Amino acid sequence: MNGPGAVRRQALARLPRTLLASVGQIYFQPAPLSGAALLLCLYLGGQTLAPTCVLGAAAAIATAYAARWPAADIEEGLYSYNGALAGAALGALFDWSPALPAWIVGAGIVSAALCHGLLRRGAPPLTAPFALLMLAALAFGPTLGLRMLAPPPACGKGLLGYSFCVIGQAGFIDSMPLGALLLAALSHRDWRHGAWAMAGALLAWYVLTLGALWPRAGIAAQATGMGVNCALAVLALHVHGRAPATRLLGGLGAILLSLLLGKLGLPYFTLPFVLATWGALLLSALPEPLARQPDLNGATGAGAARRPPFRSRRNT
């Protein structure tokens, strides 16, 4: 039997892969190559963002190991991708100050605990912990040592430029070429992963284009936010194996929630994506009427199989 010392050495040996898996989980891919590609894009987009992303992930990983949560889940990044995303976001939105590392480490610790709580209840955390932590940073950060930077530029309205931009902006990368590079990395294991991310971005672009017919709706002002949330919702529902129509409806739900929160003047980060995806997962898991519900042998009746609403051991 391995003693505590051997377990710690094994965890340290696997730490680089665990860190990369945590970063890749931001886009629902716990693959080291995807995580490395995102870190490269973060470094090229702003040299401080890659270290802050790694710091947030490392704090969450250390928390998970200290709490002795399942090692397999830790190594897949299930407890630490929210910490990685929060680290990148805090580095992108706030200027360097002595308080910034403390906020990043704290975000990693708190996000790991929130992920664990949601996973224990059979719900995919998605980026709910990240969104809550960023709202807290906006509310309390200025009085606790954080200095806000200018917000990143909005995505343009061109078809490809907008699509690649919103895919990159999901990881706080505000560059069209880097968004294209990231999309290519996300597609390396399964082209459908990248295709559905692009489908979500294109759906948001179509809504943005239609919004020009109704300027008072304020759609243009939420272009980046609704695009990011739509792309993430469509991608998450693809990973969960929901039907194509459900994926697109989930994306539309994320757009509507983004527009509603934006109209109310409320910051939302990825909250529309989380709420729309949870709703789509639950609604698509509801049983059909008994007369139409096939059982495992293709018959109908009360013994029909029901799809579980969540895959509990995954981020997505």
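Residues numbered from 1 in each chain as written. Predicted model: local features only at pLDDT ≥ 70, side-chain atom pairs only at ≥ 80, totals over all residues. Heavy atoms only, no water.

Novice: Outline the overall build of the chain, listing residues and values.
Specialist: A count of helices and strands for the chain gives 14 helices and 2 strands. Here the chain holds 316 residues, and the buried ones make up 51% of them. Look at the contacts in the chain between residues 6 or more apart in sequence, and 70% of them connect residues 24 or more apart. (Helix = DSSP H or I, 4+ residues; strand = E, 2+ residues; numbered from the N terminus. Buried < 20%, exposed > 50% of the residue type's maximum accessible area, 1.4 Å probe, protein only. Contact = heavy atoms within 4.5 Å.)

Novice: Mind laying out the packing of helix 12 (residues 223-239) against helix 14 (residues 271-284), listing which residues take part and the relevant values?
Specialist: Contact geometry of helix 12 with helix 14 gives a least axis separation of 8 Å together with a crossing angle of 30 degrees. On the basis of the axis angle, helix 12 is roughly parallel to helix 14. Of the two elements, helix 12 crosses helix 14, and the hand of that crossing is right-handed. On helix 14, the residues that touch N229, L232, A233, A236 and L237 of helix 12 are L271, P272, F273, T277, A280 and L281. Here the contact of helix 12 with helix 14 is composed, by residue class, of 9 nonpolar, 2 polar and no charged. (Axes fitted to C-alpha atoms, helices over the stretch in contact; angles between N-to-C directions. Parallel < 35°, antiparallel > 145°, perpendicular 65-115°, else oblique. Left-handed = near helix turned anticlockwise from the far one by under 90°. Nonpolar A, V, L, I, M, F, W, Y, C, P; charged D, E, K, R; others polar.)

Novice: Help me get a handle on a nonpolar patch on the surface, residues and values and all.
Specialist: A contiguous nonpolar surface patch, about 430 Å² in accessible area, is contributed by L55, V105, I109, V110, L114 and L132. Among the elements that make up the nonpolar patch, the one with the highest residue count is helix 7 (residues 99-120) (4 residues). For V105, the position within the fold is in helix 7. (Patch = residues over 30% accessible without salt bridge, like charges linked within 9 Å, V, L, I, M, F, W, Y side chains within 5 Å. Areas by Shrake-Rupley, 256 points an atom, 1.4 Å probe, with all protein chains shown as cover. Salt bridge = Lys/Arg side-chain N within 4 Å of Asp/Glu carboxyl O.)

Novice: Run through the state of the cysteines, naming residues and quoting values.
Specialist: The tally for this structure, following the rule as stated, stands at 1 disulfide. Two residues share a disulfide in this structure: C155 and C165, whose sulfurs sit 2.0 Å from each other. Note on the C155 and C165 pair: the S-S dihedral is about -75 degrees, so by sign convention the disulfide is left-handed. One end of the pair, C155, is in the loop between strand 2 (147-148) and helix 9 (159-169); the other, C165, is in helix 9, with 10 residues separating them in the sequence. Exposure class is identical for C155 and C165. Each is buried. (Disulfide = S-S within 2.5 Å.)

Novice: Got a sec to walk through the packing of aromatic side chains? Specific residues and values, please.
Specialist: For the coordinates displayed, the defined rule picks out 4 aromatic pairs. The interplanar angle of 40 degrees and the centroid separation of 5.0 Å between the aromatic rings of W69 and Y79 together place this pair among those described as tilted. Taken together, the residues W69 in the loop between helix 4 (49-66) and helix 5 (71-75) and Y79 in the loop between helix 5 and helix 6 (81-93) connect sequence positions 10 residues apart. Here W69 and Y79 have matching classes, each one buried. Grouped by ring-pair contacts, the aromatic residues F130, F172 and F269 constitute a single cluster. (Phe/Tyr/Trp six-rings, centres within 6.5 Å; stacked < 30°, edge-to-face > 60°.)

Novice: Pulling in residues and values, what's your account of the environment of A72?
Specialist: Mapped onto the fold, A72 is located in helix 5. The spatial distance from the C-alpha of A72 to the C-alpha of T18 is 9.9 Å, given a sequence separation of 54 residues.

Novice: So what's going on with unusual backbone geometry? Which residues, and what values?
Specialist: If you check the backbone angles, F28 has positive phi at about 65 degrees while not being a glycine. Along the polypeptide, F28 turns up in the loop between helix 2 (15-24) and helix 3 (32-45). At R68, a position not held by glycine, the phi torsion is positive, near 60 degrees. Along the polypeptide, R68 turns up in the loop between helix 4 and helix 5.

Novice: Quick one: what's the story with the nonpolar core, residue by residue and with numbers?
Specialist: In this structure, L42 and L90 are the most contacted members of the largest nonpolar core, which totals 84 residues. Sort the elements by how many residues they give to this core and helix 12 lands first, with 10 residues. L90 has contacts with L100, W103, I104, A107, M134, A137 and L146, leaving out every residue within four places of it along the chain. (Core = buried A, V, L, I, M, F, W, Y, C linked by side-chain atoms within 4.5 Å.)

Novice: Now, about helix 7: what can you tell me, with residues and values included?
Specialist: Look at helix 7: 32 Å from first C-alpha to last across 22 residues, which is about the 32 Å you get at 1.5 Å a residue. Looking at helix 7, one finds that the buried residues are A99, L100, W103, I104, A107, G108, S111, A112, C115, H116, G117 and L119. At its buried positions, helix 7 is contacted by helix 4, helix 6, strand 1 (94-95) and helix 8 (128-140). Backbone geometry just after helix 7 places G122 at a positive phi near 75 degrees. (Expected span 1.5 Å × (residues − 1).)

Novice: Requested: an account of the packing of helix 13 (residues 244-263) against helix 14, with residues and values cited.
Specialist: Between helix 13 and helix 14, the least distance of the axes is 8 Å, while the angle of their chain directions is 140 degrees. The interaxial crossing formed by helix 13 with helix 14 has right-handed handedness. Across from T246, G250, G253, A254, L257, S258 and L261 in helix 13, the residues of helix 14 making contact are P272, F273, L275, A276, A280 and S284. Tallied by class, residues from the contact of helix 13 with helix 14 come to 8 nonpolar, 5 polar and no charged.

Without other data, these values stay purely geometric and don't point to any function.
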